[in-house]
Amino acid sequence: MSRRQRREEEETSYWLSYSDMMAALLLIFILIISFTILQSKVQYEQKESELEAERQLVEEQQEQLEEQQEQLDKLLGIRTELIEALKEEFDGSDLSVGVDEKTGSIALDSSILFDSGQYTLKSSGEEFLQKFIPKYIGVLSNKEFKEYISEIIIEGHTDSQGDYLFNLELSQKRALSVATFCLTPDKDVLSEKQVENLRSIITANGKSYSNPVLDEDGNEDQNASRRVEFLFRLKDDEMISGMSEILNQ
């Protein structure tokens, strides 16, 4: 074999080896690109899945907020309607009582119900309650409101004169006297069914002078502070307060 032929064969062998190497590099490059694309696709699909899960969570939370807002609006509407019903009931009566426009509470002057320093209802106090209680319970027992009432609270309050613990006991006993009068069947104040329903939701509390009534100058109005209050609590009242704070932020 001539030197020229040998050189040609060596050159041919060299280019074949070079071509094989380039083909191998190209294959590796293709594999790297394919792996990168595949990994990117997997990551994209995972990201899409995460975003979809987040969207679903946001939608669920939004639905919950809308449901809670709807429930809040309904309960707030019930409170407003109940307060208006109480105002209408007592505005047309000969009982001089006022209904708090915000809370619906009704404060009764203790002097109407009790003698000074006493907790036993006097006769004029019983006569007053015989008129007041059927009207008050009648409104709260109305089918429009009954299912929303969770508690009826009778609170006794005193002025700041005297010892706190003495006033605490006095206010508790006064509240209990009024509650007992409400729940005693032979008083013929309420029907047996009303009394039975009332037993599960009525409470009597004494507040001593912890919540005095203040005048415009910030001084205690002792006559107004001596009182027995009727209050009602709606179901989910705590939820209403919490949601109101959140929604108002």
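Before reading on, note that the structure itself is shown above.
Rules of the game
- Residues numbered from 1 in each chain as written.
- Predicted model: local features only at pLDDT ≥ 70, side-chain atom pairs only at ≥ 80, totals over all residues.
- Heavy atoms only, no water.
- Helix = DSSP H or I, 4+ residues; strand = E, 2+ residues; numbered from the N terminus.
- Areas by Shrake-Rupley, 256 points an atom, 1.4 Å probe, with all protein chains shown as cover.
- Salt bridge = Lys/Arg side-chain N within 4 Å of Asp/Glu carboxyl O.
- Buried < 20%, exposed > 50% of the residue type's maximum accessible area, 1.4 Å probe, protein only.
- Core = buried A, V, L, I, M, F, W, Y, C linked by side-chain atoms within 4.5 Å.
- Contact = heavy atoms within 4.5 Å.

**Student:** Sorry, what's going on with the overall build of the protein here?
**Tutor:** Scanning the protein from terminus to terminus reveals 7 helices and 4 strands. When the accessible surface of the protein is totalled, it reaches about 16600 Å², and 49% of it is carbon and sulfur.

**Student:** Teacher, can you tell me more about the pattern of salt bridges here?
**Tutor:** It is possible for side chains of opposite charge to pair when their charged atoms get near one another. Evaluation of the coordinates by the stated rule reveals 9 salt bridges. Its salt-bridge partner being Lys-87, residue Glu-101 comes within 3.4 Å of it at the nearest N-O pair. Pair noted here: Glu-101 is in the loop between α1 (3–91) and β1 (106–109) and Lys-87 is in helix α1, with a separation of 14 residues, a long-range link. Between Arg-227 and Glu-229 there is a salt bridge, with its nearest N and O atoms 2.6 Å apart. The two residues Arg-227 and Glu-229 agree in class, both being buried. Within the structure, one salt-bridge network assembled from shared partners comprises Glu-84, Lys-87 and Glu-101.

**Student:** Whenever I open this one, the nonpolar core confuses me. Can you help?
**Tutor:** Counting 40 residues, the largest nonpolar core has Leu-129, Phe-132, Tyr-136 and Val-178 as its most contacted members. Listing elements by their share of this core, those giving two or more residues are α1, β1, α3 (123–140), β2 (149–157), α4 (164–183), α5 (192–199) and β4 (227–234). Top element by residues in this core is α3. It accounts for 8 residues. In this structure Tyr-136 touches Leu-86, Phe-90, Ile-106, Ile-152, Phe-230, Leu-231 and Phe-232, once residues within four positions along its chain are discounted.

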